[in-house]
Amino acid sequence: MSDRNTISVYDAQAARYAELTNEDNTGDPQLSRFIQAVPAGGKVLDFGCGPGASSAIMAKAGLQVDAMDASEEMVKLASEHPGVSARQATFSDLTVVGIYDGIWANFSLLHATRTEFPRHLSAIHRALKPGGAFFIAMKLGDGDGPDRLGRFYSYYSEDELKTYLEDARFTITSRRRGSGTGLDGSVSEYIALAAHA
């Protein structure tokens, strides 16, 4: 994410977003399955970590957690969680090769443009160890543009998202569809895919 308006919204709404995501992550079965897919004590990246609610749960489970987000205020909140190493960075800053046992991208890559999206997926694949776990959740739809708060979104169908992951050499292992209320108060349909490199 590098859209200035989107980052500004998250900087301004960080505390409110933290309240929302802390409630949402309580007992998240998808996060539990992701943690189970990573070796004990493994190294993971929360890619677009927001205030670090997922990072905190992964750290409590004994994983080594790196977290990154483009919002300075989100990184400050994520850094407060014990065992979480958070830094301010954009999606394009992921350049490491083969160091992560898992990468968690929970409603973060939906802020990337369609042009950049395949490049980010390739960088994630490179950053994972062979067989490393990958989780991605995205809002369903088509097109792109700002939401009511001015955040930039790209929307995908389930088939499109599966094709993008397969083109980036991921093997999809499970899918889940659902709906939820976002920061702007609107209810959106979403797709969550678990995969491995």
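See the structure above.
Residues numbered from 1 in each chain as written. Predicted model: local features only at pLDDT ≥ 70, side-chain atom pairs only at ≥ 80, totals over all residues. Heavy atoms only, no water.

Regarding the overall build of the protein
Operational definition: Numbering of helices and strands runs from the N terminus; a helix is a DSSP stretch of H or I covering at least four residues, while a strand is a stretch of E covering at least two. The reference for a compact globule is 2.2 Å times residues^0.38; the radius of gyration itself is calculated from the C-alpha atoms. Partly exposed residues are those whose accessible area sits between 20% and 50% of the maximum for their type, while under 20% is buried and over 50% is exposed, using a 1.4 Å probe and protein chains only. Contacts: residue pairs with any heavy atoms within 4.5 Å of one another. For the charge count, each Lys or Arg is scored as positive and each Asp or Glu as negative, with His and the chain ends excluded. Charged side chains are reduced to one point each, which is NZ for Lys, CZ for Arg, CG for Asp and CD for Glu.
Secondary structure summary: the protein contains seven helices and nine strands in total. A compact globule built from 197 residues would reach a C-alpha radius of gyration of about 16 Å, and the protein, at 15 Å, matches this within 12%. Taken along the three principal axes of its C-alpha coordinates, the protein extends 40 × 35 × 30 Å. Counting every position in the protein, which comprises 197 residues, the buried fraction comes to 51%. Of the contacts made within the protein by residues no fewer than 6 positions apart, 62% connect residues no fewer than 24 positions apart. In the protein, 19 positive and 25 negative side-chain charges are present, and the distance between their average locations comes to 4 Å.

Observations concerning the nonpolar core
Stated formally: What we call a nonpolar core is a set of buried Ala, Val, Leu, Ile, Met, Phe, Trp, Tyr and Cys residues that are connected through their side-chain atoms within 4.5 Å.
With 37 residues, the main nonpolar core has Phe47, Leu109, Phe134 and Ile136 as its most contacted residues. If you tally residues by element for this core, the top one is helix α6 (residues 117-127), at five residues. Excluding anything up to four places from it in sequence, Phe47 contacts Met68, Phe91, Leu94, Ile103, Trp104, Ala105, Ser108, Leu109 and Ile124. By size, the runner-up hydrophobic cluster in this structure holds 18 residues, among which are Ile35, Leu63, Val65 and Ala192.

Description of the layout of surface pockets
Operational definition: Cavities and pockets were defined on a 1 Å grid built over protein atoms only: a cavity is a set of grid points that admits a 1.4 Å probe from which the probe cannot escape, a pocket is an open set flanked by protein on both sides within 12 Å along at least five of seven lines, and lining residues are those with an atom within 4 Å of any such point. Grid points are joined across faces, edges and corners, and a volume is the space filled by probe spheres set on the points. Charged residues are taken to be Asp, Glu, Lys and Arg, nonpolar residues to be Ala, Val, Leu, Ile, Met, Phe, Trp, Tyr, Cys and Pro, and polar residues to be all remaining types, Gly included.
Here the second largest pocket is characterised by a volume of approximately 250 Å³. Along the walls of the second largest pocket sit 17 residues, with Arg33, Phe34, Thr173, Ser174 and Ala194 positioned nearest its centre. The biggest single contributor to the lining of the second largest pocket is strand β9 (residues 187-196), with five residues. Of the residues belonging to the lining of the second largest pocket, the class tally is nine nonpolar, five polar and three charged.

Here's the deal with the pattern of salt bridges
How we decide: Salt bridge, as used here, is a side-chain nitrogen of Lys or Arg placed within 4 Å of a carboxyl oxygen of Asp or Glu.
The full count for this structure, using the stated rule, is nine salt bridges. Linking Asp66 and Lys43 is a salt bridge whose minimum nitrogen-to-oxygen distance equals 3.2 Å. With Asp66 in strand β2 (residues 64-69) and Lys43 in strand β1 (residues 43-47), the pair connects residues that are 23 residues apart, well separated along the chain. Assessed through its relative accessible area of 17%, Asp66 is described here as buried. Judged by its relative accessible area of 23%, Lys43 falls in the partly exposed class. Put simply, Lys76 and Glu73 hold a salt bridge, and the shortest N to O gap is 3.2 Å. Of the two residues, Lys76 and Glu73 are both situated in helix α5 (residues 72-79); the distance of three residues between them amounts to about one turn of the helix. Note on Lys76: relative accessible area 44%, which makes it partly exposed. A relative accessible area of 29% places Glu73 in the partly exposed class.

Details of helix α1 (residues 4-12)
Under the convention used in this document: Comment: arc refers to directions from the helix axis out to C-beta atoms.
If you check which residues of α1 are buried, you get Thr6, Ile7, Val9 and Tyr10. Projected down its long axis, α1 carries its buried residues within an arc of 160°, all on one side. Exposed residues pointing more than 90 degrees away from the buried face of α1 are listed as Arg4, Asn5 and Ala12.

Read these as layout, nothing more, since geometry by itself doesn't imply function.
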